[in-house]
Amino acid sequence: TACDGIAVGRGAMGHPFLFRQIKEYFEKGTYRDMTYDRVLELVRRHYDLEIRERGERGALLIMRTQLPC
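Below, the structure is looked at part by part.

## Some words on the pattern of salt bridges
1) Next: For the coordinates displayed, the defined rule picks out four salt bridges.
2) Next: Between Arg32 and Glu24 there is a salt bridge, with the nearest N and O atoms lying 3.5 Å from each other.
3) Next: Accessibility expressed as a relative area gives 11% for Glu24, which makes it buried.
4) Next: Here Arg38 ties to Glu41 by a salt bridge, and the two come within 3.0 Å at their closest N and O atoms. Pair noted here: Arg38 and Glu41 are both in helix H2 (residues 36-66), with a separation of three residues, about one helical turn.

## Details of the packing of aromatic side chains
1) Next: Overall, the coordinates contain one aromatic pair when judged by the stated rule.
2) Next: On the basis of an interplanar angle of 65 degrees and a centroid distance of 6.4 Å, the ring pair of Tyr25 and Phe26 is categorised as edge-to-face.
3) Next: For Phe26, a relative accessible area of 57% gives the class exposed.

## Comments concerning helix H1 (residues 18-28)
1) Next: Looking at H1, one finds that the buried residues are Leu18, Gln21 and Glu24. An end-on view of H1 places all buried positions within 125 degrees of arc, on one side of the element. Exposed side of H1, more than 90 degrees from the buried face: Lys23, Phe26 and Glu27 are the residues found there.
2) Next: Once H1 ends, the next one or two residues include Gly29, with phi positive near 85 degrees.

## Structural notes on the environment of Gln21
1) Next: Looking at the secondary structure, you find Gln21 in helix H1.
2) Next: The buried category is assigned to Gln21, whose relative accessible area is 8%.
3) Next: Distance in space between the C-alpha atoms of Gln21 and Val43 is 18 Å, their sequence separation being 22 residues.
4) Next: Contacts of Gln21, omitting those with residues within four sequence positions, involve His15, Tyr31, Arg32, Asp33 and Met34.

The rules behind these values
- Residues numbered from 1 in each chain as written.
- Predicted model: local features only at pLDDT ≥ 70, side-chain atom pairs only at ≥ 80, totals over all residues.
- Heavy atoms only, no water.
- Salt bridge = Lys/Arg side-chain N within 4 Å of Asp/Glu carboxyl O.
- Buried < 20%, exposed > 50% of the residue type's maximum accessible area, 1.4 Å probe, protein only.
- Helix = DSSP H or I, 4+ residues; strand = E, 2+ residues; numbered from the N terminus.
- Phe/Tyr/Trp six-rings, centres within 6.5 Å; stacked < 30°, edge-to-face > 60°.
- Arc of directions from axis to C-beta.
- Contact = heavy atoms within 4.5 Å.

Structural data, given as structure tokens:
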């Protein structure tokens, strides 16, 4: 399309993988959808890192705000 850029805006809210998908699309012409297993793996990694940083209780409080119920 010869466009010079794109505006993401609110599209990224609730979709943190959007930036990776955009980058992959520009580099390869296609992108992979995030699978449930990959999302779960990243959530578990995030939780483990939060536990190391804040302790178990602090990590739980943070993760409650990050994940839908």
